[in-house]
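Survey of secondary and tertiary structure
Here are the chains, one letter per residue:
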Amino acid sequence: SVYIINKAGGLIYDEDFTFNKITEEHTWQEHPVPLVFTADTGKVLVKFGEFAGVKPGYSVIAVNRQSVNGTMGPGDKPIVDIINNPESYPLTLTFGKGKVVANEKLMLASMFHSLYAIASKISPVESSSGIKELQTDEFVLNCFQTITGVKFFCDS
Amino acid sequence: MFCTTGNGKDQKRTEMSQEEEFKLVYGMLYSLKSFVSRISPATSDSFQSYQTNNYKLSMYETPSGVKFVMNTSLDWTSNMIKEILHDLYKEVYVEYAVRNPLLSLQESIDSELF
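First things first, this report covers the structure right here in the doc. (Residues numbered from 1 in each chain as written. Chains lettered and ligands numbered in written order. Predicted model: local features only at pLDDT ≥ 70, side-chain atom pairs only at ≥ 80, totals over all residues. Heavy atoms only, no water.)

**A word on the overall build of chain A**
Within chain A one finds two helices and eleven strands. Along chain A, helices (α) and strands (β) appear in the sequence β-β-β-β-β-β-β-α-β-α-β-β-β when read from the amino end. When the 156 residues of chain A are sorted by exposure, 38% land in the buried category. When contacts within chain A are restricted to residue pairs at least 6 apart in sequence, long-range pairs at least 24 apart make up 51% of them. If you sum the accessible surface of chain A, you get close to 8400 Å²; carbon and sulfur atoms cover 55% of it. (Helix = DSSP H or I, 4+ residues; strand = E, 2+ residues; numbered from the N terminus. Buried < 20%, exposed > 50% of the residue type's maximum accessible area, 1.4 Å probe, protein only. Contact = heavy atoms within 4.5 Å. Areas by Shrake-Rupley, 256 points an atom, 1.4 Å probe, with all protein chains shown as cover.)

**Observations concerning the packing of aromatic side chains**
All names here are of chain A. Inspection of every chain in the model, using the stated rule, returns six aromatic pairs over all chains. Seen in terms of ring centroids, Y3 and F153 are 5.1 Å apart; in terms of plane orientation they differ by 15°. Their pairing is stacked. One end of the pair, Y3, is in strand β1 (residues 2-5); the other, F153, is in strand β11 (residues 151-155), with 150 residues separating them in the sequence. Look at F153 and you get buried, because its relative accessible area is 2%. (Phe/Tyr/Trp six-rings, centres within 6.5 Å; stacked < 30°, edge-to-face > 60°.)

**Remarks on helix α2 (residues 102-121) of chain A**
Residues and elements named next belong to chain A. Taking 1.5 Å of rise per residue, the 20 residues of α2 would be expected to cover 28 Å, and the 30 Å separating its terminal C-alpha atoms lies within 8% of that figure. All of the buried residues in α2 are E104, K105, L108, A109, F112, L115, Y116 and A119. Viewed end-on, α2 has its buried residues packed into an arc of 135°, placing them on one side of the element. (Expected span 1.5 Å × (residues − 1). Arc of directions from axis to C-beta.)

**Brief notes about the pattern of salt bridges**
All names here are of chain A. Scanning the model with the defined rule gives two salt bridges over all chains in all. Residue K105 pairs with D14 through a salt bridge whose shortest N-O separation is 2.8 Å. Residue K105 is located in helix α2, and its partner D14 is located in strand β2 (residues 11-15); the two are separated by 91 residues in the primary sequence. (Salt bridge = Lys/Arg side-chain N within 4 Å of Asp/Glu carboxyl O.)

**Examining the interface of chain A and chain B**
Between chain A and chain B, the contact holds 36 residues from the first and 34 residues from the second. When chain A packs against chain B, close to 3400 Å² is buried across both sides, 62% of that on carbon and sulfur atoms. When residues of chain A are sorted by the area they lose upon contact with chain B, K97, I122 and Q135 of chain A head the list and together hold 20% of the total. In this structure, E104 of chain A engages R38 of chain B in a salt bridge whose closest nitrogen and oxygen atoms are separated by 3.2 Å. Linking chain A with chain B are eight residue pairs in polar contact (both at pLDDT 80 or more). Taken together, the elements giving at least two residues each to the side of chain A that touches chain B come down to α2, β9 (133-136) and β11 of chain A. A per-element tally of the side of chain A that touches chain B places α2 of chain A first, with nine residues. Of the residues that constitute the side of chain A that touches chain B, the class distribution is 18 nonpolar, nine polar and nine charged. The sheet contact formed by β9 of chain A and strand β1 (residues 47-51) of chain B spans four bridges and is antiparallel. Counted as the bridge partner of E133 of chain A is Q51 of chain B from β1 of chain B. (Buried area = accessible area lost by both parts, 1.4 Å probe. Polar contact = N/O pair within 3.5 Å; in protein donor to acceptor, adjacent residues only side chain to side chain. Nonpolar A, V, L, I, M, F, W, Y, C, P; charged D, E, K, R; others polar. Pairing = 2+ DSSP bridges.)

**Structural notes on the nonpolar core**
Note that soluble globular proteins tend to have their nonpolar side chains buried in a common cluster. F112 and F153 of chain A together with F35, F47 and Y50 of chain B are the most contacted members of the largest nonpolar core, which totals 29 residues. Listed by contribution, the elements that provide at least two residues to this core are β1, α2 and β10 (140-145) of chain A together with α1 (18-39), β1 and β2 (56-61) of chain B. With seven residues, the single largest contributor to this core is α1 of chain B. The residues contacting F35 of chain B, other than those within four sequence positions of it, are L108, M111, F112, L115, L141 and F153 of chain A. The next biggest cluster of nonpolar side chains, apart from the first, holds 17 residues, and it includes V44, V54, Y58 and I79 of chain A. (Core = buried A, V, L, I, M, F, W, Y, C linked by side-chain atoms within 4.5 Å.)

**What about the environment of F139 of chain A?**
Structurally, the position occupied by F139 of chain A is in the loop between β9 and β10. Take F139 of chain A: its relative accessible area is 3%, and that puts it in the buried class. The residues touching F139 of chain A, leaving out its near neighbours within four places in the chain, are L134, D155 and S156 of chain A together with V36, I39, S40, P41 and D45 of chain B.

Encoded structure:
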């Protein structure tokens, strides 16, 4: 995904090219699912409980193999209601990393803007630019800042 | 926290005291970790290193929460750095710092060998 940040640190453009790699899928036959869900950040997250590889932080991306839309499942019914309703069992839930919500993207962009500035301040060498490349276990993030202060960054 | 300057000609380009710099670095690492875990397309991820046009900062975090941070020049490969940091933890920190019953947790580590 690509993000463009303006001089003040606000997100002006973003584009998402990643698609969900399905990570865990499970079918439950009876009502109590041994996981606690929370639905306040625009997607249904596993808040507590661990089961067959599904840990807190995973979010529901498909119900009965139909992909969800935010907190609404197929047929526009809230997913939490589907899970709590004993009549919808046997139920198949697919878990993965949910899509980043628009609000969260704004937050992440401004976070990055500040981190970029701090990186150039704590440099042991005299003058340094900010973060050009950031590496983690799973992805690499590259950033380019123009002379007008606009930043382009993308992860790959 | 323990800090050593690897480069002899270290010029202070800001007016920050060492203690303030420590706090800044720690705050930055904390925010970086959180940023990485949220933006990552994988379900669980942790920050390893970043580089600017002048230096490269690498971090190795142990499961107990101790973080080893190192600033290097750009030509070091990340595999080498990771190995060094891991060895630093294994050989030096565990042997001398952890197993030293006289060392309290809050004071910075003075041991010369370290």
